[in-house]
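Structural description and commentary
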Amino acid sequence: IIVPSELTSKESKKFRKDERRKARAQGISDDKITFVSKNRSINANNNSDTRKTNKNSTDPENEEHTENNNNINKPKKSFPRINDLLNQHAQQQQQLQLRKHRLSNSTSSNIPSALKQKYIAIDCEMVGIGPTSTKSALARASAVDYDGNIL
């Protein structure tokens, strides 16, 4: 398929895309389509550029195809499955709870319960209010006893 030479790189890209669609509709495979434009040929699926690119060239179409080829060679990023992440998080939480339980049992057995009843902890969460969020206001206050039980 001959690409008109007067097209800009963006227009020629659209032209190639439209021609590929037409060819697919006729049942022609992408690997059998070759685009030709004045002394250079471009493979239809943009996976390989059969022309030699000059690194000092200022042709925007050359830069476009070089960029496409670089992106193709990059390996796909693999992401963990969400179920695996959730299971891992649940296991970590169980281990953390077990550590807390062991720690609280070892330290609390040395302290008399009358002394434990004298201690509480208070935590306040503040938020910014107003149009510029410069004034602070109380959002939540939490109080717990020595063992971490909510009061």
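This one's a predicted model, so the numbers in the text were calculated from it and none came from an experiment.

**Some details on the packing of aromatic side chains**
The final tally for this structure, using the stated rule, is 1 aromatic pair. Considering the side-chain rings of Tyr119 and Tyr146, the 6.3 Å spacing of their centres and the 55 degrees angle between planes classify their relative orientation as tilted. Here the residue Tyr119 occupies a position in the loop between helix H4 (113-116) and strand E3 (120-129), and Tyr146 occupies one in the segment after strand E4 (135-145), the gap between them amounting to 27 residues. For Tyr119, a relative accessible area of 46% gives the class partly exposed.

**Notes on the pattern of salt bridges**
Applying the stated criterion to the full structure yields 3 salt bridges. Among the ionic pairs, Lys14 bridges to Asp18, the shortest N-O distance being 3.0 Å. Of this pair, Lys14 and Asp18 are both found in helix H1 (residues 9-25), 4 residues apart, which corresponds to roughly one turn of the helix. The salt bridge partner of Asp30 is Arg24, with a shortest N-O separation of 2.9 Å.

**Here's the deal with unusual backbone geometry**
Even without being glycine, Ser133 reaches a positive phi, approximately 55 degrees. Topologically, Ser133 is positioned in the loop between E3 and E4.

**Let's talk about the confidence of the model for the chain**
In the predicted model, the chain carries a mean pLDDT of 77, and 72% of its residues have values of at least 70. Across residues 41-67 the pLDDT falls below 50, and counting only partners more than four positions away or on other chains, this stretch makes 53 contacts in the model.

**Some thoughts on the pairing of E3**
By the bridge criterion, 10 bridges tie E3 to E4 in an arrangement that is antiparallel. Paired with Asp123 across the bridge in E4 is Ser142. Hairpin connection between E3 and E4: a loop of 5 residues separates the two successive antiparallel strands, and Gly130 in this loop has a positive phi of roughly 95 degrees.

Cut-off values and rules
Residues numbered from 1 in each chain as written. Predicted model: local features only at pLDDT ≥ 70, side-chain atom pairs only at ≥ 80, totals over all residues. Heavy atoms only, no water. Phe/Tyr/Trp six-rings, centres within 6.5 Å; stacked < 30°, edge-to-face > 60°. Helix = DSSP H or I, 4+ residues; strand = E, 2+ residues; numbered from the N terminus. Buried < 20%, exposed > 50% of the residue type's maximum accessible area, 1.4 Å probe, protein only. Salt bridge = Lys/Arg side-chain N within 4 Å of Asp/Glu carboxyl O. pLDDT = per-residue confidence, 0-100. Contact = heavy atoms within 4.5 Å. Pairing = 2+ DSSP bridges.

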